[in-house]
Amino acid sequence: MSSTSKPTTRRGVLIGAAVLTGLPILAVSEAAHAAGTLPKANAHYQDHPNGTKHCSMCNYYIPGSPKAGMCKVVAGPIDPNGWCTLFAPKAG
Ligand code: SF4
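Note that the structure is predicted; figures quoted are calculated from it, not measured.

Considerations on the overall build of the protein
Reasoning step 1: A count of helices and strands for the protein gives one helix and two strands.
Reasoning step 2: Here the protein, with 92 residues, has 13% of them falling under the buried criterion.
Reasoning step 3: When contacts within the protein are restricted to residue pairs at least 6 apart in sequence, long-range pairs at least 24 apart make up 72% of them.

Written as structure tokens, this is what we have:
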């Protein structure tokens, strides 16, 4: 009996580990799928604010790490303090 219960226990541990490690990958994958494809140069993106306007205030910004997020329009990592000509302030 103990020989049949050990594999079940190991499987349960492996499934639990896969679920725990798979969730962050799924979240990153979904954020990447929502990211834009417009080249930064086409949007005249800059990695610094335009006055008081910056990406973290923009409706298209997708938060990521404190130093880089994504944009629903512009491709690549986006600095929360960056800015581009497509800037659209968040409502509210
Ligand atoms: S300012 Fe431009 S690059 Fe920044 S989040 Fe908005 S649309 Fe994207």
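Some points on the site of the ligand
Reasoning step 1: Residues in close proximity to the ligand total 15 residues, the closest being C55, C58, Y61, C71 and C84.
Reasoning step 2: When grouped by side-chain class, the residues that make up the shell around the ligand number 14 nonpolar, one polar and no charged.

Examining the nonpolar core
Reasoning step 1: Among the nonpolar cores identified, the biggest contains 10 residues, and these are Y45, C55, C58, Y61, M70, C71, V74, I78, W83 and C84.
Reasoning step 2: Excluding its chain neighbours within four sequence positions, the residues that come into contact with Y61 are C55, S56, G69, C71 and I78.

Considering the environment of P63
Reasoning step 1: Mapped onto the secondary structure, P63 falls in the loop between β1 (61-62) and β2 (70-71).
Reasoning step 2: For P63, a count of 13 C-beta atoms within 10 Å translates into the label partly exposed.
Reasoning step 3: Expressed as a C-alpha distance, the spacing of P63 and P80, which sit 17 residues apart in the sequence, is 7.8 Å.

Things to note about unusual backbone geometry
Reasoning step 1: Positive phi values are uncommon outside glycine, yet H44 reaches one of about 55°.
Reasoning step 2: Note that H44 resides in the loop between α1 (2-34) and β1.

Details of the confidence of the model for the protein
Reasoning step 1: Averaged over every residue, the pLDDT of the protein is 80; the share at 70 or more is 66%.
Reasoning step 2: Taken together, the stretch residues 1-7 has pLDDT below 50 and engages in zero contacts with residues farther than four places along the chain or on a different chain.
Reasoning step 3: Taken together, the stretch residues 11-20 has pLDDT below 50 and engages in zero contacts with residues farther than four places along the chain or on a different chain.

Each value, and the rule that gives it
- Residues numbered from 1 in each chain as written.
- Predicted model: local features only at pLDDT ≥ 70, side-chain atom pairs only at ≥ 80, totals over all residues.
- Helix = DSSP H or I, 4+ residues; strand = E, 2+ residues; numbered from the N terminus.
- Buried ≥ 20, exposed ≤ 12 C-beta atoms within 10 Å, placed from the backbone.
- Contact = placed C-beta atoms within 7 Å.
- Near = placed C-beta within 6 Å.
- Nonpolar A, V, L, I, M, F, W, Y, C, P; charged D, E, K, R; others polar.
- Core = buried A, V, L, I, M, F, W, Y, C linked by C-beta atoms within 7 Å.
- pLDDT = per-residue confidence, 0-100.

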